Amino acid sequence: MISATSITKSFGQVEVLKGIDFQAADKEVISIVGASGAGKSTLLQILGSLSRPDTGKVVIDGTDIFSLTADRLADFRNRRIGFVFQFHHLLPEFTALENVMIPALIARTGASEARKRATEILVDLGLGARITHKPSELSGGEQQRVAIARAVINSPSVIFADEPSGNLDSNTKKDIHQLFFDLRDRFGQTVVIVTHDRDLAAMSDRMMEMKDGLFCN
C-alpha cells in the first residue's frame, strides 16, 4: 500500500532524514517510535504528502504522489489519506458533526449524504449523543474520536496518526489505539502511527524504531 524509497530531508544544515526506505502492506498497522528529533514526524508528513522530500519517491496504492500536480495531489490527499494529529485541529465554531462532514463536502459529496455518513461514523465511535456538541464541550478522548471520524469519512486507503494519544490519560490512550485496529478491521485501512509510547506501539502489527534520521531495524 505504501512504498517510500531513499527519502532525504534537510532543514538548513540539519539533515533530518538520511535515506529512508519504508513499506507498509495493505491493512497493516505500523507504529514508528523513537526519541524526539529522530525524524518520525517529518517522515510521516512526507508519507502523507504534507511535505516534499529533498530526494526520494513515495508511492501510495500505485500512485507516485509527488508526480501529481498540486491540484491532483490535494484531491488525492483528501480522498485517499486520513490524518489524525495530537492536537485534534477541530474547528471550534463547528459541532462534532460539522467537523466530521468537512472532508466529505470538500470531496463534493452532497450535504445530506455527508451528514448521514458523518452521523453513522460518530454513532459507531460511541459519540451519538455528542454530535451537536462543539469541541470545547467534549473531553480530550471525545475530541480525538471526532478527529478520527473526520479522518475516515472519505474511506481513505491510508490513515497517518501523529502522537494521537499524546495528551490523553492512560486508559483513554489504550482505547484510542485499539480504535485504529477496529477501524482497520472494519474499513480495511493501512494505519501508520507515530508515538513515544512503546507499550501502545507494541499493540501494532509491526513496530519500527527511528534514530538520527534512519530506521534501526
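Residues numbered from 1 in each chain as written. Predicted model: local features only at pLDDT ≥ 70, side-chain atom pairs only at ≥ 80, totals over all residues. Heavy atoms only, no water.

Section: helix α3 (residues 96-106)
Spelled out, the test is: To sort residues, take the accessible area from a 1.4 Å probe on protein chains only and compare it with the maximum for the residue type: under 20% means buried, over 50% means exposed, and anything in between is partly exposed. Each helix is a run of H or I in the DSSP string that is no shorter than four residues. Each strand is a run of E no shorter than two, and both are numbered from the N terminus. Whether two residues are in contact is decided by their heavy atoms, any of which lying within 4.5 Å being enough.
Turning to α3, its buried residues are A96, L97, N99, V100, M101, P103 and A104. Those residues of α3 hidden inside the fold are in contact with α2 (70-80), α4 (111-124) and α5 (140-152). A positive phi of about 70 degrees marks R108, the residue just after α3.

Section: the sheet that holds strand β5 (residues 63-64)
Rules: We call two strands paired when DSSP finds no fewer than two bridges between them.
Strand order in the open sheet formed by 4 strands is β2-β1-β4-β5, with antiparallel pairing between adjacent strands. Where the open sheet ends on each side, the last strands, each with one partner, are β2 (14-24) and β5. By the bridge criterion, 5 bridges tie strand β1 (residues 2-11) to strand β4 (residues 55-60) in an arrangement that is antiparallel. Residue pairing for β4: S3 is matched across the bridge by V59.

What to know about the nonpolar core
Definition in use: Take the buried Ala, Val, Leu, Ile, Met, Phe, Trp, Tyr and Cys residues and link them wherever side-chain atoms come within 4.5 Å; each set so joined is a nonpolar core.
Among the nonpolar cores identified, the biggest contains 32 residues, and V84, V100, L122, V146, I148 and F180 are the most heavily contacted of them. Examining the composition of this core, we find that 6 residues originate from one element, α5, more than from any other. In this view, V100 contacts A118, L122, V146, A149, R150 and I153; residues no more than four positions away in its chain are not counted. Within the second largest apolar cluster, 31 residues are counted, among which are A4, F22, A24 and A38.

By themselves, these figures tell us nothing about what the structure is for.
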